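# Structural description and commentary
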Amino acid sequence: MQEYSVIVENVTFGYNEDMPILKNVSLKIPAGKTVAIMGGSGCGKTTLLKLISGQIRPSLGTVTVLNQEITKQSNKQILELRKKIGMLFQFGALFTDMSVYENVAFCLKEHTDLSESMIKKIVAMKLNAVGLFGTEQLMPQELSGGMSRRVALARSMALDPELMMYDEPFTGLDPISLNVSAMLIQKLNKALKQTSILVTHDIESSLKIVDYIYFMADGKIIAEGTPMDVQNTDNPMVRQFIEGKVNGPYSFEYKTNLDYNTYLGIL
Amino acid sequence: MQKLINFLAALGNPFVGFILHLGGIFNLFLEIMLSLAYPFKKPTLIIKEIYFSGVRSLVIIAISGWFVGMVLGLQGYNTLQRFGSVSMIGSLVALSLLRELGPVLTAILFASRAGSGITAEIGLMKATEQLDAMSVMAVSPIKRIVVPKFIGGIISVPILACLFNTAGIFGGYFVSVVLLKLDNGTFWSQMSDSVSLHEDVINGIIKSFIFGIAVTLIAVYQGFIAKPTADGVSSATTRTVVGSALVVLALDFILTALMF
Amino acid sequence: MKRLTIDFSVGIFVLIGICCLAFLSIKVATHTNFGSSDKDNYTVYAGFSNIGSLKVNAPVKVSGFIVGRVTNISLNPKTYQAVTTLTINNSYQFSSDTSAQILTTGLLGEQYLALQSGADSSMLKNGDTINITSSALVLEDLIGKFMTGSTSK
């Protein structure tokens, strides 16, 4: 029997009633696997991550994370559960008023009773794992974009979470930093046997490191499969996304009721 | 008919907004009260906040107090001279500072110096997802960020108000005794004759304590509801300063009516 | 290093606050010659048929020197006299035939209570009553007396 770390069933969510961001979404993420959720900007990927981490609650449907149905749990129970979840934010979201050391040590200091010397060792190990040993005393604004992303990675891994979530980990990185990040994510996942969810729209890097892919558009899941399946699919929307074509079922134009020609008075 | 409806809506809209804000602030206050004990386990957090909001406001408060005291001395001298009661100047300076000007001006200066900073900091932390990151790490931002700022603020404001009063009294002393050659002994004895410890000094400190709660609460709340954009954060800081000034003046009226 | 400077400056800050508070409560608020605790003071009572506009906290003076304060004013329901409670510093003792008078500083100033020591050898004790009192001068009474006095002549 295969175990699932995350089960999302028939979830509907919207900040206001008329405009649901997610429409009846279901997906399952097997334990120990790396799964990517892909799609264009604004299709509800980040919202899905927030649902899984319990920051928001769905209007309909259930979310089960690490065998606990978080849609039914109290805030306190969710806080307990979050200690087993790590999350890497889009731009790192390092605490700007703390040094690198304090950032990485943050969770350890808040949730454990480890001694200061023990914490120092763990922080050094975590920083070494992302290749940044020796940066402890730097402040976040002294780091480059790629480095702060890696510090954030070290911070989210501090408590060795069972489930890691990455929100657009590759956005705004140069090709080298991007490959370094992708390599690190893969390496760390394999080493710690974590379940990982990768929200991204960077196809190339993610196809290399993930086991399974979900495609989303307009708050719905439109396709799923292994990287091989996805590369050979004939789903027009997925093809457009992979090839980055301007013309296709996925329009770049804003959807509006106004007609351009009538608006200008041409007709 | 439509105009009437529009008019009533225009009247009702800000009112509903006001009630919503009031509810939000009350909610935040309750949450803060519930986790008030947390930062006492980590006193460095509170010390850091006192440093940022209190110590950094020290100079501006002392200088403002000094000038306000000098103005009081000068104006008091000019007015009292006509009634031949210049000797009352000491008690005039001390009473107006201790009862009203000290607590009120300190709170307003604190709002613009430290309160706006608190709002901007929380607003920016929200904009850069730091608050989200913290709550995903199972640490409540209210406990870790807001409560230390709150405690730091309500410790700092009364201390700053005492400093303001002291600087102001010396400012008044400087004008009336050093510049206008009033008798040194008369200045102090008139003052201590009319100032009572309980009625004036203690009540003034109670006032500034309450103002401290109000100002830090508004600053923190505005930071939390700020839109996560540059524009949103800047208008939130403005709202902190303006809102604090209004609330402090209104509270001052109520407290004065209750106390004196 | 940085932690230390922060801790240090916060310590200085709190110290400044305590010094200011001490200054405000000692130099500005305390009345010299007049202790604030009960041990330093004793109370005596004095009844007046008219206290004018004498208020609680008005000074009690001897030869213009403040020796105490009026701490309470009440009405005796039997004699319809206003009874004032005077709290006087222990270091000043008065003979038991001391007289009390309500006077005004200047023409329109505040009213205060003046004591005039007598010749008796026994001293006023805590809880005693001053028997010889003269009431406040009320401007209307004065004008009235002056008018009737001049018409009867």
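In what follows, the structure referred to is the one given above.
Keep in mind it's a predicted model, so treat the numbers as computed, not measured.

Calculation criteria
- Here the residue numbering is sequential within each chain, running from 1 through the sequence in written order.
- Here every chain gets a letter starting at A, and every ligand a number starting at 1, in the order they are written.
- Local features are withheld for residues below a pLDDT of 70 in this predicted model, meaning they are given only at 70 or higher, and side-chain atom pairs are given and counted only at 80 or more; totals for whole chains, interfaces and linings count all residues.
- Only strands that DSSP links by at least two bridges are regarded as paired with each other.
- The helix count covers DSSP runs of H or I at least four residues long, the strand count covers runs of E at least two residues long, and both are numbered beginning at the N terminus.
- We call two residues in contact if the C-beta atoms placed from their backbones are at most 7 Å apart.
- Here an axis means a line fitted to C-alpha atoms, over the contact stretch when the element is a helix, while the angle between two N-to-C directions is reported on a 0 to 180 degree scale.
- Here is the rule for angles: anything less than 35 degrees is roughly parallel, anything more than 145 is roughly antiparallel, 65 through 115 is roughly perpendicular, and the remaining ranges are oblique.
- Here a crossing is taken to be left-handed if its near helix is turned anticlockwise relative to the far helix by less than a right angle, and right-handed if that turn runs clockwise.
- In the scheme used here, Gly and all other residues not listed as nonpolar or charged are polar, with Ala, Val, Leu, Ile, Met, Phe, Trp, Tyr, Cys and Pro taken as nonpolar and Asp, Glu, Lys and Arg as charged.
- In this scheme, a helix's expected span is set at 1.5 Å multiplied by one less than its residue total.
- Fitting axes to the seven residues that end at a residue and to the seven that start at it, the angle between those axes gives the bend at that residue.
- Residues are called buried when their C-beta atom has 20 or more other C-beta atoms within 10 Å, exposed when it has 12 or fewer, and partly exposed otherwise; all C-beta atoms are positioned from the backbone.

## Overview of the sheet that holds strand S1 (residues 4-13) of chain A
All names here are of chain A. Taken together, four strands build an open sheet; the order of strands is S2-S1-S4-S5 and the sheet is antiparallel. In this open sheet, the two strands that pair with only one neighbour each are strand S2 (22-30) and strand S5 (68-69). Pairing of strand S4 (residues 60-65) with S5, which is carried by two bridges, proceeds in the antiparallel orientation. Opposite Val-65, over in S5, you have Gln-68 as the bridge partner. Packed on one face of the sheet, helix H1 (residues 45-52) meets S1, S2 and S4 and runs near 120 degrees to S1.

## Some points on the packing of helix H3 (residues 58-82) of chain B against helix H6 (residues 141-179) of chain B
Residue and element names in this part refer to chain B. Relative orientation of the contacting elements H3 and H6 amounts to 40 degrees, with a least axis distance of 6 Å. The orientation of H3 with respect to H6, classified from their angle, is oblique. Here H3 runs over H6; the crossing is right-handed. Across the contact of H3 with H6, the residue classes break down as 17 nonpolar, nine polar and no charged.

## A word on H6(B)
Since the α-helix turns once every 3.6 residues, residues separated by three or four places project in the same direction. Residues and elements named next belong to chain B. In a regular helix each residue adds 1.5 Å, so 39 residues correspond to 57 Å; H6 covers 53 Å between its end C-alpha atoms and thus fits that length. At Val-147, H6 shows its strongest bend, of approximately 30 degrees, with the proline Pro-148 following within four residues. Of all 39 residues in H6, 32 are buried, a share of seventy percent or more. In the segment just after H6, Lys-181 is the residue with positive phi, at about 60 degrees.

## Here's the deal with the sheet that holds strand S7 (residues 129-130) of chain C
All names here are of chain C. Reading across the sheet, the eight strands line up as S7-S1-S4-S3-S2-S6-S5-S8 and stay open at both edges, with mixed pairing between neighbours. Looking at the sheet topology across the chains shown, the edges are occupied by S7 and strand S8 (132-134). Pairing geometry for strand S2 (residues 59-62) and strand S6 (residues 111-116), over two bridges, is parallel. Directly across from Lys-61, in S6, lies its bridge partner Ala-114.

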